Amino acid sequence: MDRWVGKVAIVTGASSGIGAATVQALARAGMTVVGLARRAERVEELKKSLPPDVGSRIHAFRCDVTSEESIVNAFGAVERQLGGVDVLINNAGVSKQSCTLLTPGNSDDLRTVLDTNVMGLVLCTREAFQSMKRRQIAGHIVNINSILGHKYVPFPNLNLYMASKYAVTAITETLRNDLRNEGTKVKVTSISPGIVRTEMIPEGNQFADTPMLDAEDIVGAILYALGTPAHVQVHEVIIKPVGEMA
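Note that the coordinates shown come from a computational prediction; the quantities given were computed from them, not determined experimentally. (Residues numbered from 1 in each chain as written. Predicted model: local features only at pLDDT ≥ 70, side-chain atom pairs only at ≥ 80, totals over all residues. Heavy atoms only, no water.)

1. Some details on the overall build of the chain
Next, step 1: For the chain, the count of helices and strands is seven helices and seven strands.
Next, step 2: Of the regular secondary structure in the chain, the N- to C-terminal order runs β-α-β-α-α-β-α-β-α-β-α-β-α-β.
Next, step 3: The C-alpha radius of gyration computed for the chain amounts to 17 Å, which stays within 12% of the reference 18 Å derived for 246 residues, consistent with globular compactness.
Next, step 4: Taken across its 246 residues, the chain has 51% of its residues classed as buried. (Helix = DSSP H or I, 4+ residues; strand = E, 2+ residues; numbered from the N terminus. Rg over C-alpha atoms; globule rule 2.2 N^0.38 Å. Buried < 20%, exposed > 50% of the residue type's maximum accessible area, 1.4 Å probe, protein only.)

2. Observations concerning the nonpolar core
Next, step 1: In terms of nonpolar packing, the biggest core is built from 38 residues, with Leu-26, Ile-89, Ile-144, Ile-191 and Ile-218 touching the most fellow members.
Next, step 2: Each residue touching Ile-144, except ones within four places of it in the same chain, is listed here: Ile-18, Ile-89, Asn-90, Asn-91, Lys-165, Ile-191, Ile-218 and Ile-222. (Core = buried A, V, L, I, M, F, W, Y, C linked by side-chain atoms within 4.5 Å. Contact = heavy atoms within 4.5 Å.)

3. A few points about the pattern of salt bridges
Next, step 1: Applying the stated criterion across every chain yields a total of ten salt bridges.
Next, step 2: Put simply, Glu-127 and Arg-126 hold a salt bridge, and the shortest N to O gap is 2.9 Å.
Next, step 3: A salt bridge links Glu-182 to Lys-133, with the nearest nitrogen and oxygen atoms 3.2 Å apart. Residue Glu-182 is found in the loop between α6 (161-181) and β6 (187-193), and its partner Lys-133 is found in helix α5 (residues 107-134); the two are separated by 49 residues along the sequence.
Next, step 4: One salt-bridge network, in which partners are shared between bridges, spans Glu-68, Arg-126 and Glu-127. (Salt bridge = Lys/Arg side-chain N within 4 Å of Asp/Glu carboxyl O.)

4. A short note on the packing of helix α1 (residues 17-28) against helix α7 (residues 215-226)
Next, step 1: Look at α1 against α7: their axes get within 9 Å of each other, and the N-to-C directions meet at 50°. Considered as vectors, α1 and α7 are oriented oblique to each other. Here α1 runs over α7; the crossing is right-handed. When α1 is examined against α7, the residues Gly-17, Ile-18, Ala-21, Thr-22, Ala-25 and Leu-26 are found in contact with a partner set consisting of Ala-215, Glu-216, Ile-218, Val-219, Ile-222, Leu-223 and Leu-226.
Next, step 2: Classifying every residue of the contact of α1 with α7 by side-chain character gives ten nonpolar, two polar and one charged. (Axes fitted to C-alpha atoms, helices over the stretch in contact; angles between N-to-C directions. Parallel < 35°, antiparallel > 145°, perpendicular 65-115°, else oblique. Left-handed = near helix turned anticlockwise from the far one by under 90°. Nonpolar A, V, L, I, M, F, W, Y, C, P; charged D, E, K, R; others polar.)

5. Side note on the sheet that holds β6
Next, step 1: Spatial ordering of the open sheet is given by β3-β2-β1-β4-β5-β6-β7, a layout of seven strands whose pairing is parallel. The sheet is open, and its two edges are formed by β3 (58-62) and β7 (236-239), each paired on a single side. This sheet shows a mean twist of 15° between the axes of neighbouring strands, independent of strand direction.
Next, step 2: Note that strand β2 (residues 32-37) and β3 share five bridges and pair parallel. Residue pairing in the sheet places Gly-35 in a bridge with Ala-60 of β3.
Next, step 3: Sheet contacts for α1: β1 (8-12), β2, β3, β4 (87-90) and β5 (140-144); angle to β1, the most-contacted strand, approximately 170°. (Pairing = 2+ DSSP bridges.)

6. Comments concerning the pairing of β5
Next, step 1: Counting buried residues in β5 gives five out of five residues, a clear majority hidden from the surface.
Next, step 2: Going residue by residue along β5, you find His-140, Val-142 and Ile-144 tucked away on one face and Ile-141 and Asn-143 tucked away on the opposite face as well.
Next, step 3: Sheet topology places β4 next to β5; four bridges connect them, and they run parallel. Across the sheet, Leu-88 pairs through a bridge with Ile-141, a residue of β5.
Next, step 4: In this structure, β5 lies alongside β6, joined through five bridges in parallel fashion. Within the sheet, the bridge partner assigned to Asn-143 lies in β6 and is Ser-190.

7. Notes on the packing of α5 against α6
Next, step 1: At a closest axis distance of 9 Å, the pairing of α5 and α6 adopts a crossing angle of 15°. Of the possible angle classes, the one that applies to α5 and α6 is roughly parallel. In this structure, the crossing between α5 and α6 has a hand that is right-handed. Here Val-113, Leu-114, Asn-117, Val-118, Leu-121, Val-122, Thr-125 and Phe-129 of α5 come into contact with α6, specifically with Tyr-161, Ser-164, Ala-167, Val-168, Ile-171, Leu-175 and Leu-179.
Next, step 2: The class makeup of the residues in the contact of α5 with α6 is twelve nonpolar, three polar and no charged.

8. Observations regarding unusual backbone geometry
Next, step 1: Phi angles above zero are rare outside glycine, and Gln-136 is one such case at about 55°.
Next, step 2: With a relative accessible area of 76%, Gln-136 lands in the exposed category.
Next, step 3: At Asn-159, a position not held by glycine, the phi torsion is positive, near 35°.
Next, step 4: Mapped onto the fold, Asn-159 is located in the loop between β5 and α6.

So this is what it looks like as structure tokens:
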């Protein structure tokens, strides 16, 4: 991680779970970290819980990744205030488990899943790449995918979530080709966890006996991918808890 000390990382969905854990880890590794979140106040609270030298490297920016205007404004602010972005962690994701594909009146929920998990990821990547290209930076883009982006599992009420993660798998490969065609050395990595113990897991006993990963387990994979030599690109990391059936 030495090559990234003092460089700027943007983490989407930074207010909780994998995003919050990633913000902390990258700041501890010496990066300047921008946490993008609708609940930016939670990123500010996170800063206060850390040692001052670590917390001072964290910046909270309010951003709704379902809004192109919000994304463009946030990345523009990072460009003006911090000089641009070197690493992007596309972590923001949502699952609307209140409906199926056939539920009447489900349009808003379905659009939220696609706008967050697919279009938000693509638009954040576009803005990050333009920043890297302008400064001729060999940056790194990490997409937080899912095991559900590689295989069908008949969990109830996943509606478009699984399709959105299949899209992330295809988008990652498309980006890799686009980045090569652009003649850049920007890397892109997909990290696909099994079930992770975060706020996305429904309350109750439904998953009481289900093996789960912790957010820090995913952060370890992010740090590994970022820490590889310049000529090494980690394409895909699949991480599952021991005993998971999916």
